[in-house]
Each structure stands twice: as structure tokens, then as C-alpha cells.
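For reference, the chains in residue letters:
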Amino acid sequence: MFAPILAPSILAADHANLAAGTAAVENLARPQELAWVHLDIMDGHFVPNLSFGPQTVAALRPNSRLFFDTHLMLDEPHRYIEAFAKAGADLISIHIEPDYDHAGTLARIRELGCKNGIVLNPGTPAAAIEPHLARVDLVLAMTVQPGFGGQSFRRDVLPKITQIDTWRRERSLAFRLEVDGGIDLDTAAECRAAGADTFVAGTSFFAAADRAAFAAKIAAL
Ligand code: DX5
Ligand code: ZN
């Protein structure tokens, strides 16, 4: 069982000062801890929203030692992985839903020196990503339909999380199992019980009165 990791999403931070949002995550990191920050990248096609691109990631990179967990909600992610790797992404996750060379793109992400991840939406069956489990560092099971922060957690995704965790155990695979969307301390606990170990939290983290306490509770799951 992997130790829990919190990946705050700066989608929920002040977009007039994303450096401050990233620093808020950085300030919580214990020395020597490999703390994560989740970067939600949206193209206005795969999801009905736009967020930010490689130039923003590159601007954040020099002032942050955080692990940049970069979630590409793009119709054509294969066209952008070089740009995000060059910008300083540490992990690049791509969706299974659009039609492109998933295996080739996952391999290319690793060739570029980044960890890779495969992502599936709430309505996408776990079987869609099963062929890729042995070639990824992370599986992200979306617990909302992607595009916007602040949505309600989709409890119907829990059995899919358990299925993916079961495959992981049965095949002795070492990918992290991440959830994203509507994650707060309560839904994170439900996801942990279902088999998740990596928790993206945007709204709940940035709205928390005591972010350090929030992070400590996730770490204790
Ligand atoms: C959906 C985004 C959000 C964001 C976190 O496209 O991926 O899930 O990371 O959202 P909340 O605010 O629900 O934690
Ligand atoms: Zn995300």
C-alpha cells in the first residue's frame, strides 16, 4: 500500500498569482519531502474550459522544488508533451478517451525524462486502461467529469478504483492510484478505503482554514 500523497490543484488558486498558490503548497512541505502540486491543463475541446499552458508551467518551475503533477485534459496531448516536459513537468498524465497513440505517447513521456500517467473519466470503464497498466507510473481515476473545480464527488467511481487497485496487487504493479475532483477529507477517506493513494484537492485545500492540518490528515489516511 503506497503512503498517501496530497496533490493540491492550483486550478483552485488565485489565477492572478499562481506563484503564490504554488508557494502555499511549497510552504507546507516538510524538508526533504517530495511534495506534489497538481497542474490542470485544459484545451477548451476535450473539456469545456481553458486553464493555462507550458509557458505558465515554465514560469512556476524555477521557484519551486515541488513535483509538478501535470494533468493534460487535451484532445491531442501527444502534440504537447515535449512542451510540458521542457517547461519542467515531473509527471505528465494523459486521457484514454481521445483517439491517439496512447502507448506511444506514454513511452514518449518517459523518453523525455518524465513519469507518465493514464487518466479515465467517471463514465469510462476500467477495462479501457487495463492494457496500459504495466507501462504507467500513475493511474488517475477522475471522480468528477473534468473541466471545472468545485464539483461534487462521484461516489459511483469507487468500485472502479477498487478494480484498478486489485489489478495492481494481482500483477504486482507499482503505479500510484490518484483521484481528482470533489476530494475533501471525507471523500479522500472513502477513496483510500477503495484503494487510492494519491489525492488531488483544489477547492477543499485552498478553502481550508488550516491547510497544514488538512495536509496532515491526508498524510494520516
Ligand atoms: C477537473 C479538475 C479538478 C481539479 C480539482 O477538471 O481536475 O478536479 O483538479 O477540483 P476540486 O476543486 O474539485 O478539488
Ligand atoms: Zn486534474
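Our subject is the structure listed above.
In what follows, the accompanying structure is described.

Cut-offs applied
- Residues numbered from 1 in each chain as written.
- Chains lettered and ligands numbered in written order.
- Predicted model: local features only at pLDDT ≥ 70, side-chain atom pairs only at ≥ 80, totals over all residues.
- Heavy atoms only, no water.
- Phe/Tyr/Trp six-rings, centres within 6.5 Å; stacked < 30°, edge-to-face > 60°.
- Buried < 20%, exposed > 50% of the residue type's maximum accessible area, 1.4 Å probe, protein only.
- Axes fitted to C-alpha atoms, helices over the stretch in contact; angles between N-to-C directions.
- Helix = DSSP H or I, 4+ residues; strand = E, 2+ residues; numbered from the N terminus.
- Contact = heavy atoms within 4.5 Å.
- Nonpolar A, V, L, I, M, F, W, Y, C, P; charged D, E, K, R; others polar.
- Donors = N, O, S within 2.8 Å, 3.2 Å for Na, K, Ca; no water.
- Salt bridge = Lys/Arg side-chain N within 4 Å of Asp/Glu carboxyl O.
- Pairing = 2+ DSSP bridges.
- Near = heavy atom within 4 Å.
- Polar contact = N/O pair within 3.5 Å; in protein donor to acceptor, adjacent residues only side chain to side chain.
- Areas by Shrake-Rupley, 256 points an atom, 1.4 Å probe, with all protein chains shown as cover.

1. Observations regarding the packing of aromatic side chains
Scanning the model with the defined rule gives three aromatic pairs in all. Taking 4.9 Å as the distance between ring centres and 90 degrees as the angle between the ring planes, the aromatic pair formed by F205 and F206 counts as edge-to-face. Each member of the pair, F205 together with F206, is buried. Grouped by ring-pair contacts, the aromatic residues F205, F206 and F214 constitute a single cluster.

2. Thoughts on the packing of helix α5 (residues 158–170) against helix α6 (residues 185–194)
Where α5 meets α6, the closest approach of the two axes is 8 Å, and the angle between their N-to-C directions is 40 degrees. Touching L158, I161, T162 and D165 of α5 are E190, C191 and A194, all from α6. By residue class, the composition of the contact of α5 with α6 is four nonpolar, one polar and two charged.

3. Some thoughts on the coordination of the zinc ion (ligand 2)
Protein coordination at the zinc ion (ligand 2) comes from H38 (NE2), D40 (OD), H71 (ND1) and D180 (OD), with a distance range of 1.9 to 2.2 Å. All donors to the zinc ion (ligand 2) come from one chain, and their sequence spacing reads H-x1-D-x30-H-x108-D. Pair noted here: D40 is in strand β2 (residues 36–42) and H71 is in strand β3 (residues 67–73), with a separation of 31 residues, a long-range link. Take D40: its relative accessible area is 4%, and that puts it in the buried class.

4. So, the pattern of salt bridges
Enumeration according to the criterion identifies 13 salt bridges in this entry. Taking the shortest distance from any N to any O, the salt bridge between R110 and D137 comes out at 2.9 Å. Here D137 lies in the loop between β5 (115–120) and β6 (138–142) and R110 lies in helix α4 (residues 102–111), a separation of 27 residues in the sequence. Overlapping salt bridges bring together D165, R168, R169, R176 and D197 as one network.

5. Some remarks on the sheet that holds strand β4 (residues 91–95)
As summarised here, the arrangement of the eight strands in space is β1-β8-β7-β6-β5-β4-β3-β2, forming an open sheet in which the pairing is parallel. Every other strand in the sheet has two partners, leaving β1 (5–8) and β2 as the edge strands with one partner each. Each strand axis lies, on average, 25 degrees off the axis of its neighbour in the sheet, ignoring direction. In the sheet, β6 pairs with strand β7 (residues 176–180) via five bridges, with the strands oriented parallel.

6. Some words on the site of ligand 1
For ligand 1, the set of nearby residues contains 20 residues, the closest of which are D40, G147, D180, G202 and T203. Here an oxygen atom of ligand 1 sits 2.6 Å away from a polar atom, N or O, in the main chain of G147. For ligand 1, an oxygen atom lies 2.9 Å from a polar atom in the backbone of G150. Relative to its unbound accessible surface of 370 Å², ligand 1 loses 99% to contact with the protein.

None of this, on its own, says anything about what the molecule does.
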